[in-house]
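# A structural walkthrough
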Amino acid sequence: MKNDLKDKILKLKKDKGAIILAHYYQRPEIQDIADAVGDSYYLSKIAKDCSENIIVFCGVKFMAESAKILSPEKTVLLPAFDAGCPMADMANPNDILTLKDKHPNAKVVCYINSSAEVKAVSDVCCTSSNAVNIINNLQEDEIIFLPDKNLGEYVQQQVRNKKIILWNGFCITHKKVSAEEILKAKKLHPGIKVLVHPECEKSVRELADFLGSTGQIINFVNNSTDKKFLICTEEGVLHKIKLKNKDKEFYIPNGGMTCINMKKTYLNNVYESLLNMEYAIEIDENIRKKAYKALINMHELGGK
Ligand code: 13P
Ligand code: SF4
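Here goes a summary of the coordinates provided. This structure is a prediction, so every number in the text was calculated from the model and none was measured.

## What about the packing of aromatic side chains?
Under the criterion given, the structure shown has 3 aromatic pairs. Aromatic pair Phe229 and Phe250: ring centres 5.6 Å apart, planes at 20°, arrangement stacked. Of the two residues, Phe229 sits in strand β11 (residues 228-232) while Phe250 sits in strand β12 (residues 249-251), which places them 21 residues apart along the sequence. We classify Phe229 as buried; its relative accessible area is 0%. Geometry around Tyr271 places Lys8 over its ring, the cationic atom sitting 5.0 Å from the centre. Across from the ring centre of Phe170, 5.0 Å away, lies the NZ or CZ of Lys175, which sits over that ring.

## So, the environment of Ala64
Its place among the elements puts Ala64 in helix α4 (residues 61-70). Ala64 gets classed as buried once you look at its relative accessible area, which sits at 0%. Along the chain, Ala64 and Pro190 lie 126 residues apart, while their C-alpha atoms are 41 Å from each other. If we skip the residues at most four places from it in the chain, Ala64 touches Phe57, Val76, Leu78 and Ile281.

The rules behind these values
- Sequence order sets the numbering: in each chain, residues are counted from 1 along the sequence as written.
- Whichever chain is written first becomes A and whichever ligand is written first becomes 1, with later ones labelled in order.
- In view of the model being predicted, local features appear only for residues whose pLDDT reaches at least 70, and side-chain atom pairs are presented and counted only at 80 or more, with totals across whole chains, interfaces and linings using the full set of residues.
- Side-chain measures were taken over the full set of non-hydrogen atoms in the model, leaving aside hydrogen atoms and water.
- The pairing test for Phe, Tyr and Trp rings, Trp by its six-membered ring, is centres within 6.5 Å, and the orientation test on the planes gives stacked under 30 degrees, edge-to-face over 60, and tilted for anything in between.
- Comment: elements are numbered from the N terminus, with helices defined as DSSP H or I runs of at least four residues and strands as E runs of at least two.
- Throughout this description, buried means an accessible area under 20% of the type-specific maximum (1.4 Å probe, protein chains only), exposed means over 50%, and partly exposed covers the range between.
- Here, a charge over a ring means that NZ of Lys or CZ of Arg falls within 6 Å of the ring centre while also lying within 35 degrees of the ring normal.
- Contacts are assigned to residue pairs with any non-hydrogen atoms lying within 4.5 Å of each other.

This is the structure:
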């Protein structure tokens, strides 16, 4: 049944000339049918540069929106219409404009986990894999960073010569892991390597052996000679990690770290999405043009 559906998706995809992109947090069966699986930055690059005119974005809304902002001529489909990101909802343009008035010399850097409207009032976007680079590459010494307080704090620790004004947003998924759990795991498995996404809280980040984006965490495991790892990010990353690292052991925090929004996409949604061309992302052109600048600035500043 599952294979039938997979075949039908792949046929429809070919007939329509579409590309399927999936974030590492997606269900294994979604990652398996995707043409590209990656972290937010990598997927945004593919969405910008791919030649296909239809992008099926298996992720959450801000990811599909970013693809549409970068390539307005393409049809961008979000298979699960209600796959949002609670962190992205924690920032709004009006409050940002008020904060900008208070800090007229600051540049606004917004995490890609934000709405098109928030991007439109920001100077540059970033992801967890390039935030430090981007802020280092900006000339300004004062930065308003939003919406993720944890990623902002992490960047501040890496970039000491700039003042970072933080926002009070956070990721509910990465909040699920506690320092106590990590200490327990370290006691139970001496030598275990603790890999942490910077969206986690400070007390957790402080216990990490490695901090990085989802893609960077996966690369760390692939290149490591260590054998035991505690993975402190959404557990979807384990799918790719396990495929390449059969000789290693992986642990996740006790309560699990599942992003319910990332798990809203099933094979059936992808099939319906391609069949009915739903749910197409539409963005007001005025907002899109402004948000485009922030995203393009990320691509220009992020790689350096
Ligand atoms: P990255 O893929 O950039 O690591 O982001 C994680 C995330 O929370 C996406 O929603
Ligand atoms: Fe948003 Fe966190 Fe889910 Fe990423 S993992 S989509 S930041 S809620």
